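Commentary on secondary and tertiary structure
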Amino acid sequence: MTVTSESLAASVASISPAMLALAGGVLAALILLVIVLFLRAAGLRREQAEEADLRARESAMRMAELLKIQAEMQGRITAMAEVFGARQSELNQSINQRLDGMSQRMSSTITEQTKSTHEDLQRLQERLAVIDAAQNNIQTLAKDVVGLQAILSNKQTRGAFGQSRMETIVADGLPMGAYAFQQTLSNGSRPDCTIRMPNGAPPLVIDAKFPLEAWNAIRDAGSPEAGKLAGQQFRRDMEIHIRDIAEKYLIQGETQDTAFLFVPSESIFAELHENFEPVVQKAHRARIVIVSPSLLMLSIQVIQAVLKDQRMRAQAHLIQGEVAALMDDLGRLDERVRKLQGHFAMAQKDIDMVVTSADKLTRRGAKIEALEFEAGGDIRPARDDEAPAKSVESRTGLLKLRVVDEE
């Protein structure tokens, strides 16, 4: 450390005065600069302190205003909270009331809906039961249709089916003995049915052998050409069948001049008249009448009315005799009723006389009961206006009812 000071002193001593003066000036300038800078820094700090104070006052004022505004806002919020609370309670009460009313309405609506649903389900069950029964009937009908189809697929069975239907209609409409099935004629032919006509007229012949094979071929045709060919075949079969009926069953003096050709279906009958008019006209010219089940039933009813009228005319004399006997019986009944009426009139007259006598006895008994007796036992004399009392003899048991017979 000593060496350093000595060396520093030696260095200073070696410096010239001009250099020292310059260094002192620079040092003074530096000191002055430092003082100026310090003063400026102090001014700046003072200005900053004043600005900070001003800002602090402004912040305090703003804070006070904010606190005031906050207090006002808090008061308003409190008031609004009270208002909202009251409104909320009213709203809750109104909502509760509406919910209660809605619950009641919903309950009643649900009850009604449940009742209606129950009724609908009950009706649905009834309809389902009806549908089940109808389905069973349809299944049974389907089985019957299958059986009918099996029947109609066989020619002999199909002919038996048409004949059976015809026989059922005839048997239902006419009495026993007025018809016959498969009766042999003089030429050896056996028609399906013969109906006896009144007044000894020849019987009416009914044939039930309709050519359904050709008709089914028309129905089963897949093209217009096949349908045309099937129609021609059906026309030929019908013409042959009509000619056979006319030759076999129309016998002069033994059968009627007209015969019936029975068609076992109304739809076939309608299509036959609509699409095969020449066949129908040819049957008419041959005195063959094509009849459906309804027309056959109508014809049977007409024949039944004719037979009934004939039986009535045959029994007319018996009916007249029975009416005469009935009039005689009515005359005797009238005479006897009149005699009985006279007996009742005389009995009524005797009863009226008996009632009159009973009334007189009742009045006289009342008069006797009204008499007054004196103390001495004498009877009070009757007044002048009173009729003298008559002695009445009791005739109880002697009254008899006499009935006079005027015969």
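Quantities reported herein were computed from a predicted structural model and do not represent experimental measurements. Along every chain, residues carry numbers that run from 1 in the direction the sequence is written. Residue-level local features of this predicted model are given only where pLDDT is at least 70; pairs of side-chain atoms are given and counted only at 80 or more, and the full residue set underlies all totals for whole chains, interfaces and linings. The basis for every side-chain value is the complete set of non-hydrogen atoms in the structure, without hydrogens or water.

This part covers a positive patch on the surface. Exposure above 30% relative accessible area and no salt bridge define the residues that can form patches, which grow by joining like charges within 9 Å and nonpolar side chains of Val, Leu, Ile, Met, Phe, Trp and Tyr within 5 Å. Throughout, the Shrake-Rupley method with a 1.4 Å probe supplies accessible areas, and for residues the shown protein chains are the sole cover considered. Each reported salt bridge corresponds to a side-chain nitrogen of Lys or Arg within 4 Å of a carboxyl oxygen of Asp or Glu. The convention is simple: Lys and Arg are positive, Asp and Glu are negative, and His and the chain ends are not counted. The atom standing in for a charge is NZ when the residue is Lys, CZ when it is Arg, CG when it is Asp and CD when it is Glu. Taken together, the side chains of Lys-360, Arg-363, Arg-364 and Lys-367 make up a positively charged region of the molecular surface. By the secondary structure assignment, Lys-360 is in helix α9 (residues 316–369). Secondary structure follows DSSP: runs of H or I at least 4 residues long count as helices, runs of E at least 2 residues long count as strands, and numbering of each begins at the N terminus.

Another aspect to go through is the sheet that holds strand β4 (residues 259–262). DSSP bridges decide pairing: two strands pair if at least two such bridges lie between them. Read across the open sheet, the 5 strands follow the order β1-β2-β3-β4-β5; overall the sheet is mixed. On the outer flanks of this sheet lie β1 (179–181) and β5 (288–291), each paired with one strand and no other. When the angles between neighbouring strand axes are averaged without regard to direction, this sheet yields 25°. Where β1 meets strand β2 (residues 193–195), 3 bridges bridge the pair, whose relative direction is antiparallel. Within the sheet, the bridge partner assigned to Ala-180 lies in β2 and is Thr-194. Helix axes use the C-alpha atoms of the stretch in contact, all axes being lines fitted to C-alpha atoms, and the angles between their N-to-C directions lie in the range 0 to 180 degrees.

What follows concerns the environment of Ser-294. With respect to the helices, strands and loops of the structure, Ser-294 is situated in helix α8 (residues 293–314). As for Ser-294 and Ser-265, which are separated by 29 residues in sequence, their C-alpha atoms are 9.4 Å apart.

If a residue is not glycine, its phi is most likely negative; likewise, a peptide bond is most likely trans. Although it is not a glycine, Gln-182 sits at a positive phi angle of roughly 55°. Along the chain, the position of Gln-182 falls in the loop between β1 and β2. A positive phi angle, near 65°, is found at Arg-287, a position not held by glycine. Relative to the assigned elements, Arg-287 resides in the loop between α7 (277–285) and β5.

With 24 residues, the main nonpolar core has Phe-210, Phe-234, Met-238, Leu-272, Ile-288 and Ile-290 as its most contacted residues. Secondary-structure elements contributing two or more residues to this core are α4 (212–219), α5 (224–249), β4, α6 (266–275), α7 and β5. By the convention used here, residues are in contact when the closest approach between their heavy atoms is within 4.5 Å. Other than its neighbours up to four places away in sequence, Leu-272 contacts Phe-210, Trp-215, Phe-234, Met-238, Glu-277, Val-280 and Ile-290. For this analysis, a nonpolar core means a set of buried residues of the types Ala, Val, Leu, Ile, Met, Phe, Trp, Tyr and Cys, connected via side-chain atoms within 4.5 Å. Relative accessibility under 20% of the residue-type maximum defines a buried residue, over 50% an exposed one, and the middle range a partly exposed one, all with a 1.4 Å probe and only protein chains included. Tyr-179, Ile-195, Leu-296 and Ile-303 belong to the second-largest nonpolar core, a separate cluster that totals 18 residues.

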